[in-house]
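Here is what each chain is made of, one letter per residue.
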Amino acid sequence: MRISSTRWNTIIYAIILANIALFVLYMVMSKTDTYISTIDYQNYSSKLNRNIQEKSNYAIKDDLENNLDWTGFIDTIKCPSNITLSWTTASGQIMILTWTEPYYNINSQTLYCSWTTASWNLLLTYNTTFTWFTQAEYMNWTWNLNFDWTNYSVLLNDVYLTNVSFIGTTEFSSIDSNFNSDDYTIKSYSWVYYPNNYIDNDNIARKRITWYIKKRSWFFNIFWNNYKTNEYISENTNNLDNRNVQIWETSTWKLYIDVDNSFNLKVIEFNSWSYRKTKELVKINEWNWYMSYGWQWYISLSWTWIFLTWATSPNVLKFDFKNKNYWIFLEFSWSINTSATILNYVLKWENEYSSWIYLNPINDSYPDYIWYLWSDIILNKTKFLSNIQEVNKAKQ
């Protein structure tokens with residue numbers, strides 16, 4: 001029995017209409033997926049930018065506060081090169097102390113010139129303008145100095161009736177009077193370092209990363225080293241000193257972390273070469289740890305998991321920042337033992353010689369602005385979404 005042409009036409013039309021409907025549905029669904037993907041991208045992009053802005057603001061604030069916490073640089077005259085001690089009750093015995101050095105008492109915030117004998121410390125006290133000396137302290141007694149032009153002397157009323165005498169100078173030392181010159185470097189002035197390896201707090205924001213995380217938040221990126229941040233740290237001339245090292249200069253770093261509440265810790269090593277060449281984020285290793293209360297110590301590795309322990313532990317994880325890139329994430333995990341709503345953290349490094357590390361990409365070497373290059377990564381299921389931005393703020 002033959003099917004009429006009219007029936008065939010109806011079937012063909014139906015097939016065509018079905019195909020058209022499927023095509024329209026496909027286009028609608030594709031546009032919907034594209035729209036949703038666009039919205040997701042915008043949301044993640046907004047979150048990345050917000051995270052970077054918040055962390056940048058705090059890092060710059062930390063840097064500013066540590067360089068505006070005193071009166072700036074006040075020069076001091078040099079300590080005497082020679083001090084003579086003679087004893088009245090031990091006639092003929094004389095001791096000459098050489099190379100007297102500045103000494104800063106952190107507790108009393110007072111600058112002295114000091115020398116140590118076999119039994120006691122001799123301290124010389126500056127006047128309020130740090131242009132001459134007013135007192136001598138020896139054997140826990142203090143006496144006013146006699147001053148005649150550049151000659152200083154005093155007869156101490158100790159059991160030996162010690163006589164102290166020296167010739168002063170009007171030459172300045174370039175040592176800041178309160179050991180806190182607020183110049184964004186560890187040095188006192190220009191290329192003059194503080195004595196006794198003293199380091200003030202002017203560079204501390206470049207050696208640590210500190211911030212907070214809200215409760216029940218997803219893993220929050222607190223650190224990411226890459227070639228861009230390395231170059232940024234290198235461009236800061238304030239990082240050029242002989243007491244600290246820059247992040248890529250050794251392969252045996254120890255990471256110290258201080259967390260004040262329950263947390264999850266995640267460390268990821270990723271391919272530095274692929275990121276530099278193609279900006280592709282390729283994970284190589286991942287380590288995790290959970291702690292139900294706050295803790296502080298050095299990250300260590302045992303097989304496939306990490307934990308915190310003391311600096312000399314044989315398990316301390318040696319971070320190879322010379323050849324590798326790392327992400328570090330923290331999560332403020334839920335804990336019934338705390339009512340706190342935020343988790344505070346501090347992250348800092350030291351190398352095998354216990355030198356602190358310049359790891360925070362801050363450039364405060366310009367006269368008027370502090371520049372900051374920060375990055376952020378969001379873990380989105382199996383994807384890593386990232387962004388890097390430069391932020392600046394005026395110094396005054």
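So, how was this worked out
- Residues numbered from 1 in each chain as written.
- Predicted model: local features only at pLDDT ≥ 70, side-chain atom pairs only at ≥ 80, totals over all residues.
- Heavy atoms only, no water.
- Pairing = 2+ DSSP bridges.
- Helix = DSSP H or I, 4+ residues; strand = E, 2+ residues; numbered from the N terminus.
- Contact = heavy atoms within 4.5 Å.
- Axes fitted to C-alpha atoms, helices over the stretch in contact; angles between N-to-C directions.
- pLDDT = per-residue confidence, 0-100.
- Salt bridge = Lys/Arg side-chain N within 4 Å of Asp/Glu carboxyl O.
- Buried < 20%, exposed > 50% of the residue type's maximum accessible area, 1.4 Å probe, protein only.

### What to know about the sheet that holds strand β23 (residues 369-380)
Taken together, three strands build an open sheet; the order of strands is β22-β23-β24 and the sheet is antiparallel. Each edge of the sheet is formed by a strand with only one pairing partner; in this case those strands are β22 (362-363) and β24 (383-394). Pairing between β23 and β24: twelve bridges, direction antiparallel. Residue W374 lies in a different strand from β24, and its bridge partner there is Q389. This element, helix α2 (residues 227-235), spans β22, β23 and β24 of the sheet and lies at about 165° to β23.

### So, the confidence of the model for the protein chain
The predicted coordinates ought not to be read in detail in places where the model reports low pLDDT. Scored by pLDDT, the protein chain comes out at a mean of 83, with 86% of its residues at no less than 70. When the elements of the protein chain are averaged for pLDDT, helix α1 (residues 5-65) gives the smallest value, 65, and β22 the largest, 96. Every residue in residues 23-39 scores below 50 in pLDDT, and together they form zero contacts with partners more than four places removed in sequence or on other chains.

### Considering the pattern of salt bridges
Applying the stated rule across the entire model yields nine salt bridges. We note a salt bridge from E286 to K266, for which the minimum N-O separation is 2.7 Å. Of this pair, E286 sits in strand β16 (residues 283-291) while K266 sits in strand β15 (residues 263-270), and the two are 20 residues apart along the sequence. Here E286 falls in the partly exposed class, since its relative accessible area comes to 29%. On the basis of relative accessibility, which here comes to 8%, the residue K266 falls in the buried class. In this structure, the salt-bridge partner of K283 is E286, at a minimum N-O distance of 2.7 Å. Here the salt bridges do not stand alone but share partners, grouping K266, K283 and E286 into one network.

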